Amino acid sequence: ALWWHYWGETTMRKRIALFFLLLIFLAGCLISLFPVINELLYREKMKTTVSEFQSNTEHQPPVVILPSGDAEATEYTPAIHQELWNDIQQYNSRLFQSRQEGINGLESLEESCFQLSDYGISSEVFGVLAIPALDLEMPVYLGASSQNMALGAAQLGQTSIPVGGKNTNTVIAGHRGWNGADYFRYITELVPGDRITITNLWETLEYTVVGTRIISPDDVDAIKIQPEKDMITLFTCHPYASGGRQRYLVFCERINNEIRKDDSK
């Protein structure tokens, strides 16, 4: 009877030990799979956001009316979101004229100059950034706040709003990996000639990579507007997983900047 009791206790201890070993094994599996699962979740969330933006946006780009006679051609606002379009044009123009004097620290880059809800738009997604070479599509938000950066790509405050046009440079920031998701992790693989697109509330703008640069975090001159150019600059931390010791820039210039024309007037 004593032998049987001892064997039963030993068996129970073995079962308990085996149970805890199984729990430890499963926990290890979950920890190792967390980055993969998290990346899939973030990719799916961004994919849904991008899809909703594309399905809910009716693109009506601005055009130029060519009048008869010697009168000059004039560009008019699109049929949708006219007030927002006009305010953005004025904002971008002021940025260039002031030489972006408002860039005075990290907080100025985080602030959004526009709340889309103020213009009757239900979502704060301003557009979609697509980088075919990286198989990447991300929603674009205005202002590089921590919340916007977690949700996708973000336009740095005090840089141009991404609607294109001469004397503009939209700086778009993205995490170099975020909670297991890639985001801008592989941005260093981009080379001159690669193309990116920005689809905003009105149209799709196409750019080509023209160069890259590594800068210190306080080198604000590197992200400023270059006169006469229509640019997008991608912006992220460098090197990867370094805690943001430097910044990596990808300079892109516009290649489909022909304004649509309407000679029916």
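It should be noted that the structure appears before, not after, this text.
In this text, all values refer to a predicted model and were calculated from it rather than measured experimentally.

Caption draft 1: Local environment of the overall build of the protein. A count of helices and strands for the protein gives four helices and 13 strands. The buried share of the protein, reckoned over its 265 residues, is 42%. Summarising the internal contacts of the protein: among those between residues at least 6 apart in sequence, 64% fall at separations of at least 24.

Caption draft 2: Broad picture of unusual backbone geometry. A cis amide bond links His-238 with the next residue in sequence, Pro-239, at an omega value of -10°. Here Pro-239 lies in the loop between strand S11 (230-238) and strand S12 (246-254). In this model, Asn-167 sits at a positive phi of 65°, which is unusual for a non-glycine residue. Examined against the element boundaries, Asn-167 turns out to sit in the loop between strand S5 (153-155) and strand S6 (168-173). Here Tyr-183, not a glycine, exhibits a phi torsion of approximately 50°, which is positive. On the basis of relative accessibility, which here comes to 4%, the residue Tyr-183 falls in the buried class.

Caption draft 3: Spotlight on the nonpolar core. Core analysis: the biggest nonpolar cluster contains 25 residues, and Leu-129, Ile-131, Phe-184 and Leu-234 have the highest contact counts within it. Of all elements in the fold, only helix H1 (2-56), strand S3 (125-131), strand S4 (136-142), strand S8 (181-183), strand S9 (195-199), strand S10 (204-215), S11 and S12 reach the threshold of two or more residues within this core.

Caption draft 4: Examining helix H2 (residues 82-97) more closely. In a regular helix each residue adds 1.5 Å, so 16 residues correspond to 22 Å; H2 covers 23 Å between its end C-alpha atoms and thus fits that length. Inspection of H2 places Leu-84, Trp-85, Ile-88, Tyr-91, Asn-92 and Leu-95 among the buried residues, and these make up the whole buried set. For H2, the angular spread of the buried residues around the axis is 130°, confining them to a single face. Residues of H2 that are exposed and angled more than 90 degrees away from the buried face: Glu-83 and Gln-97. Where H2 terminates, the next one or two residues include Arg-99, which has phi positive at roughly 60°.

Caption draft 5: Expanded view of the packing of aromatic side chains. As enumerated under the stated definition, the model contains four aromatic pairs in all. Seen in terms of ring centroids, Trp-85 and Trp-202 are 5.0 Å apart; in terms of plane orientation they differ by 75°. Their pairing is edge-to-face. Highlighted residues: Trp-85 in helix H2 and Trp-202 in the loop between S9 and S10, separated in sequence by 117 residues. In this structure, Trp-85 and Trp-202 share a single accessibility class: buried. Geometrically, the ring pair formed by Phe-114 and Tyr-119 is tilted, given 6.3 Å between the ring centres and 45° between the ring planes. On the accessibility criterion, Phe-114 (7% relative accessible area) is buried. What links up through ring pairs into an aromatic cluster is the set Trp-85, Phe-126 and Trp-202.

Caption draft 6: Representation of a nonpolar patch on the surface in the model. On the surface, a cluster of nonpolar side chains totalling about 340 Å² of accessible area is made up of Leu-18, Leu-21 and Ile-24. As for its position among the elements, Leu-18 is in helix H1.

Caption draft 7: Main features of the side chain of Asn-200. Here Asn-200 is to be found in the loop between S9 and S10. For Asn-200, the side chain forms a polar contact with the main-chain nitrogen of Glu-203, separated by 2.8 Å. When sequence neighbours within four positions are dropped, the list of residues in contact with Asn-200 reads Phe-53, Thr-57, His-59, Phe-126, Gly-127, Pro-162, Val-163 and Leu-205.

Caption draft 8: Inspection of the sheet that holds S11 at higher detail. Spatially, the eight strands close up into a barrel ordered S3-S4-S5-S6-S11-S12-S10-S9, and their pairing is mixed. Taken pair by pair, the neighbouring strands of this sheet meet at an average axis angle of 30°, ignoring direction. Where S3 and S4 come together, six bridges link them in antiparallel fashion. When the bridges of S4 are listed, Ala-130 appears paired with Glu-137.

Calculation notes
Numbering of residues begins from 1 in every chain and follows the order in which that chain's sequence is written. In keeping with the predicted nature of the model, local features appear solely for residues at pLDDT of at least 70, side-chain atom pairs appear and are counted solely at 80 or more, and the whole-chain, interface and lining totals rest on all residues. With hydrogens and water excluded, all non-hydrogen atoms of the structure serve as input to the side-chain values. Helix and strand labels come from DSSP, where a helix needs a run of H or I of at least four residues and a strand needs a run of E of at least two; each type is numbered from the N terminus. With a 1.4 Å probe rolled over the protein chains alone, any residue whose accessible area is under 20% of its type maximum counts as buried; one over 50% counts as exposed, and the rest are partly exposed. Should any heavy atoms of two residues lie within 4.5 Å, those residues are counted as being in contact. Note on terminology: a nonpolar core comprises buried Ala, Val, Leu, Ile, Met, Phe, Trp, Tyr and Cys residues joined through side-chain atoms within 4.5 Å. Expected span of a helix: the number of residues minus one, times 1.5 Å. The directions from the helix axis to the C-beta atoms form the arc being described. Ring pairs shown here join Phe, Tyr and Trp side chains whose ring centres sit within 6.5 Å, with only the six-membered ring taken for Trp; geometry is labelled stacked below 30 degrees between planes, edge-to-face above 60, and tilted in between. Patches here: salt-bridge-free residues with over 30% relative accessible area, like charges joined within 9 Å, nonpolar side chains (Val, Leu, Ile, Met, Phe, Trp, Tyr) joined within 5 Å. We get accessible surface area from the Shrake-Rupley algorithm with a probe of 1.4 Å; when it comes to residues, only the shown protein chains can shield them. Salt bridges are identified by distance alone: a Lys or Arg side-chain nitrogen within 4 Å of an Asp or Glu carboxyl oxygen. Pairs of N or O atoms are called polar contacts if they sit within 3.5 Å, as long as, within protein, a hydrogen donor faces a hydrogen acceptor (for residues adjacent in sequence, only side-chain-to-side-chain pairs). DSSP-based pairing: two strands are paired if at least 2 bridges between them are found. Lines fitted to C-alpha atoms define the axes, with helix axes restricted to the stretch in contact, and inter-axis angles between N-to-C directions lie between 0 and 180 degrees.

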